[in-house]
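Inside the fold
So the chains spell out like this:
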Amino acid sequence: MKLLTCCAFLVVAMPALAQRRVVETGSAYRAAPRLRLVETSRWCQSVDAPGCDFKNISEAIATEDGGLLVADYRGPIRRFDRSGAFTRELSRKGAGPGEYRYVHSLQTAGNQVAWYDPVLRRVTRILLASGQPGEATAVNLPIAIAGFHLISGGDLVAFEVPAAAVPGDTVTAVFRTVTRAGSSKVLATVRHPSAYVAGSPVPMAPPLFSPNTVEDVGWNGDIAHSTALRYDISVFPSAGSAWRLKVDIPGRPVLPAERDSAIAEEVRSSEVRNVADLPPHTQERIRRARAAFPQIETLRVVRDGTVWIRPTSARGATVARWDVFSREGRRIGFVELPLSATIKDGTDRWILASVLQEDDVPTVVRYDVLR
């Protein structure tokens, strides 16, 4: 094994077929280069603008002409030009050819738009210019999945997390292709806590302050995964060797006021008077509440394989930090975005982010990334 040391940033080369270890110390994390974001376009600055009456924005992707495709999970799918003007609505609600019930993993492929519909259980394609229906492919996903993603070529990648003897136990999970031909291929294997008990189709709620599933698959099949309790992420590029990133940063403890607030929300949402009236499984969630927040909130693998990682923000933070690593595991730098921002599309040179404005009105912003 060969050890390379550069300042406080370490890359450890592991044997063939194993993950390379990429280790960053706390001092290197704090000294990472800041990347500058320059806003170049903004769509739907007003909810009253034509085509902008979105309740939420789950999908947003850039088109080759500098425009935008944007969709809610329940629809509609709308197209905007580079000036910000609404041009047309693509498809419509329904179960017919080219229609949708839900829109997941929206992407473009040549002159077509494609997405997966988990209700209709199919990959739907329509022509970008006209909205006319294209090919539709029936795809049935397995039941025990924690995520699914449409990748170039029309295949789906499912993140399968099997049941465990006890909820929260760590199991062997896989990222597996689910193809139109019905064949399957395992792309990556990871360790992940299970939300299911053997024999039950209903996921069990995790303890308070547990992380959500943190994983993503880019358009070209690049995979990133973390259990999120620690800043520890496994990356499986579609080309090249796998690597594992560990960043040495301190955890953020849950303060008594934060715990009390979370418990009060459980009581309020359950419409009961006090903790003693909560269902047993909710009381168990509270009893097993974690003492620290997860170190990772979310991550995003964009279309060129660049990995954008959002660590958990400090209490009282006004902006969110996003760390940026290349597909190969090289630190590019970090940026700061509004706390409400979620990255939807991009590369290492630009990103699209959905951002909540005043009154929780969503807008989509394109930024150039300058080094």
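Here's what I pulled together on the structure shown here. (Residues numbered from 1 in each chain as written. Predicted model: local features only at pLDDT ≥ 70, side-chain atom pairs only at ≥ 80, totals over all residues. Heavy atoms only, no water.)

Observations concerning the layout of surface pockets
- Of the pockets and cavities examined, the largest pocket occupies roughly 850 Å³.
- As for the largest pocket, its lining consists of 33 residues, and the residues nearest its centre are S58, E59, H104, H149 and D216.
- With five residues, the single largest contributor to the lining of the largest pocket is strand β13 (residues 145–150).
- In this structure, the second largest pocket encloses a volume near 590 Å³.
- P193, S194, A195, P206 and P211 are, among the 25 residues lining the second largest pocket, the residues nearest its centre.
- Every element with two or more residues in the lining of the second largest pocket is listed here: β13 and β16 (184–193).
- With three residues, β16 is the largest single contributor of residues to the lining of the second largest pocket. (1 Å grid on protein atoms, 1.4 Å probe; cavity = no way out; pocket = protein on both sides within 12 Å on 5 of 7 lines; lining within 4 Å. Points joined across faces, edges and corners; volume = space filled by probe spheres on them. Helix = DSSP H or I, 4+ residues; strand = E, 2+ residues; numbered from the N terminus.)

A short note on helix α3 (residues 280–287)
- The complete set of buried residues in α3 reads T282, R285 and I286. An end-on view of α3 places all buried positions within 95° of arc, on one side of the element. Away from the buried face of α3 by more than 90 degrees, exposed residues P280 and R287 are located.
- Taken together, the buried residues of α3 touch α2 (256–270). (Buried < 20%, exposed > 50% of the residue type's maximum accessible area, 1.4 Å probe, protein only. Arc of directions from axis to C-beta. Contact = heavy atoms within 4.5 Å.)

Points about the pairing of strand β9 (residues 104–109)
- Among the six residues in β9, five count as buried, and that is most of the element.
- Strand direction decides the pairing type here: β9 and strand β10 (residues 112–117), joined by four bridges, are antiparallel. Looking at the pairing, T108 lines up with V113 of β10.
- Where β9 folds back on β10, the antiparallel hairpin that results is connected by two residues, among which G110 adopts a positive phi of roughly 65°. (Pairing = 2+ DSSP bridges.)

Concerning the sheet that holds β16
- Within the open sheet, the four strands sit side by side as β13-β14-β15-β16. Their pairing is antiparallel. Whereas interior strands pair on both sides, the edge strands pair on one side only; in this sheet they are β13 and β16. Across the sheet, the mean angle separating the axes of adjacent strands is 15° when strand polarity is ignored.
- Relative to β16, strand β15 (residues 170–178) runs antiparallel, the two being bridged by nine bridges. Paired with R176 across the bridge in β16 is V186. (Axes fitted to C-alpha atoms, helices over the stretch in contact; angles between N-to-C directions.)

Here we look at the pairing of strand β18 (residues 223–226)
- Covered by surrounding structure in β18 are I223 and H225 together with A224 and S226, the residues of both alternating faces.
- As paired strands, strand β17 (residues 214–217) and β18 are joined by four bridges and run antiparallel to one another. From the neighbouring strand, E215 faces β18, where its bridge partner is H225.
- Linking β17 back to β18 in an antiparallel pair, the connection comprises five residues, with G221 at a positive phi of about 90°.
- As paired elements, β18 and strand β19 (residues 232–236) share three bridges and run antiparallel to each other. For A224, the partnering residue across the bridge sits in β19 and is V235.
- Hairpin connection, β18 to β19: the antiparallel pair is bridged by five residues, and A228 has positive phi, about 80°.

Observations concerning the state of the cysteines
- The final tally for this structure, using the stated rule, is one disulfide.
- Note on cysteine connectivity: C44 is disulfide-linked to C52, with sulfurs 2.1 Å apart. Looking down the S-S bond of the C44 and C52 bridge, the torsion is -80°, so its handedness is left-handed.
- C52 sits in the buried class, given a relative accessible area of 3%. (Disulfide = S-S within 2.5 Å.)

Focus on the pattern of salt bridges
- The tally for this structure, following the rule as stated, stands at 22 salt bridges.
- Salt-bridge contacts for D216 lead to R300; the nearest nitrogen and oxygen are separated by 2.6 Å. Remark: R300 occurs in strand β21 (residues 296–301) and D216 occurs in strand β17; sequence separation between them is 84 residues.
- With a closest N to O distance of 2.9 Å, R315 and E258 form a salt bridge. (Salt bridge = Lys/Arg side-chain N within 4 Å of Asp/Glu carboxyl O.)

Quick word on α2
- Given a rise of 1.5 Å per residue, 15 residues ought to cover 21 Å, and the 21 Å separating the end C-alpha atoms of α2 matches this to within 8%.
- Within α2 the residues assigned to the buried category are E258, I263, E266 and V267.
- Where the residues of α2 are buried, they touch α3.
- Count one or two residues on from α2 and you reach E271, which has phi positive near 60°. (Expected span 1.5 Å × (residues − 1).)

Digging into a positive patch on the surface
- Taken together, the side chains of K55, R74, K93 and R101 present a region of like positive charge at the surface.
- Mapped onto the secondary structure, K55 falls in the loop between β4 (36–43) and β5 (59–62). (Patch = residues over 30% accessible without salt bridge, like charges linked within 9 Å, V, L, I, M, F, W, Y side chains within 5 Å. Areas by Shrake-Rupley, 256 points an atom, 1.4 Å probe, with all protein chains shown as cover. Lys, Arg positive; Asp, Glu negative; His and termini not counted. Charge placed at Lys NZ, Arg CZ, Asp CG, Glu CD.)

Let's talk about the packing of aromatic side chains
- Counting across every chain of the model gives seven aromatic pairs.
- Considering the side-chain rings of Y29 and Y231, the 6.3 Å spacing of their centres and the 80° angle between planes classify their relative orientation as edge-to-face. Of this pair, Y29 sits in helix α1 (residues 26–30) while Y231 sits in the loop between β18 and β19; the two residues are 202 residues apart in sequence, bridging distant segments of the chain. With respect to burial, Y29 and Y231 carry one shared label: buried.
- Relative to F86, the ring of F80 has its centre 5.6 Å away and its plane inclined at 55°; by these criteria the two rings are tilted.
- Relative accessible area serves as the criterion here: at 1%, F80 is assigned to the buried category.
- Geometry around Y102 places K93 over its ring, the cationic atom sitting 5.4 Å from the centre.
- The positively charged end of R321 is found above the aromatic ring belonging to F334, 4.2 Å away from the centroid. (Phe/Tyr/Trp six-rings, centres within 6.5 Å; stacked < 30°, edge-to-face > 60°. Lys NZ or Arg CZ within 6 Å of the ring centre and 35° of its normal.)

In short, shape yes, function no, at least from these values alone.
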